[in-house]
Amino acid sequence: DDAEDLDFVGPLEVFGAFGAPGENTGFQVVTVSAQAGPIKTRNGLRIQPDFTFADCPKIDVLLIPGGIGTRPVLEVPSCIAWIRQAAQQAEIVLTVCTGSLLAAKAGLLEGLEATTHFAAMELLEELAPGAKLRPGSRYLDNGKYIIAAGVSAGIDASLHLLGRLHGRDKAAQTARYIEYEYFKA
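Only a predicted model underlies this, so the values are computations on that prediction, with no experimental measurement involved.

**Q** Outline the overall build of the protein chain, supporting the account with residue identities and numerical values.
**A** A tally of regular secondary structure across the protein chain gives seven helices and 10 strands. Rg of the C-alpha trace for the protein chain: 15 Å, near the compact-globule value of 16 Å for 185 residues, within the 12% margin. Overall, the C-alpha framework of the protein chain stretches about 40 × 35 × 30 Å when taken along its three principal axes. Pairs at least 24 apart in sequence give 58% of the contacts found in the protein chain among residues at least 6 apart. Per element, the accessible surface of the protein chain, about 9,400 Å² overall, is 52% carbon and sulfur. Positive and negative side-chain charges of the protein chain, numbering 16 and 22 respectively, have mean locations separated by a distance of 3 Å.

**Q** Residue-level account of the pairing of strand β5 (residues 61-64), with values.
**A** Alternating residues of β5 divide into L62 and I64, all buried, and V61 and L63, none buried. As judged from the four bridges shared by β5 and strand β6 (residues 92-96), these two strands associate in the parallel manner. Bridge assignment links L63 to a residue of β6, and that residue is L94.

**Q** Describe the pairing of strand β10 (residues 145-148), listing the residues and the values that go with them.
**A** Where burial is concerned, the two faces of β10 agree: the one with Y145 and I147 and the one with I146 and A148 are both buried. Direction of pairing for β6 relative to β10: parallel, over a ladder of four bridges. In the sheet register, V96 faces β10, and the bridge partner there is A148. Pairing of strand β9 (residues 139-141) with β10 involves three bridges; the strand directions are antiparallel. Its bridge partner being in β10, L140 is matched across the sheet by I147. Counting the residues that bridge the hairpin from β9 to β10 gives three residues, and of these G143 lies at a positive phi of roughly 90°.

Conventions adopted
Residues numbered from 1 in each chain as written. Predicted model: local features only at pLDDT ≥ 70, side-chain atom pairs only at ≥ 80, totals over all residues. Heavy atoms only, no water. Helix = DSSP H or I, 4+ residues; strand = E, 2+ residues; numbered from the N terminus. Rg over C-alpha atoms; globule rule 2.2 N^0.38 Å. Contact = heavy atoms within 4.5 Å. Areas by Shrake-Rupley, 256 points an atom, 1.4 Å probe, with all protein chains shown as cover. Lys, Arg positive; Asp, Glu negative; His and termini not counted. Charge placed at Lys NZ, Arg CZ, Asp CG, Glu CD. Buried < 20%, exposed > 50% of the residue type's maximum accessible area, 1.4 Å probe, protein only. Pairing = 2+ DSSP bridges.

Okay, here's the thing in structure tokens:
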């Protein structure tokens, strides 16, 4: 609950808009929650997750959104443990906004370049003292871990990832299709 809408809906649009209509792009976007039943985002959007932690298939690209809802989740060991386990199995982990706080709590950011929403930078430093913080960076690519700053930066990081996986031209075509001015870090 209380996830920032654009943190996950922006990347969802990027991956959903990729490719020609009817083309199999290889992306099957799903949502996952700790338990069954709808979640309510910060702005009141209700999302019915596709899976729970218990029945979620292997995830190739794990996106961890942020928002004010991350703060209580920091204190839920089962959620942090699931994030750690899913991240270990994933090929790529993308955090958006304060989703980086959850990754930090799971011990995933030590030694990596990291950023977050400007208002949460001190908390990120506290949770990941071994991370190399880069305030002001739109997103950072650490190989397996791509860390985006606040809210709309998740769109840029998703386009970057799309470019990494399918080429810059495809990322640019997707940005053009959604009429988004792509920021390249």
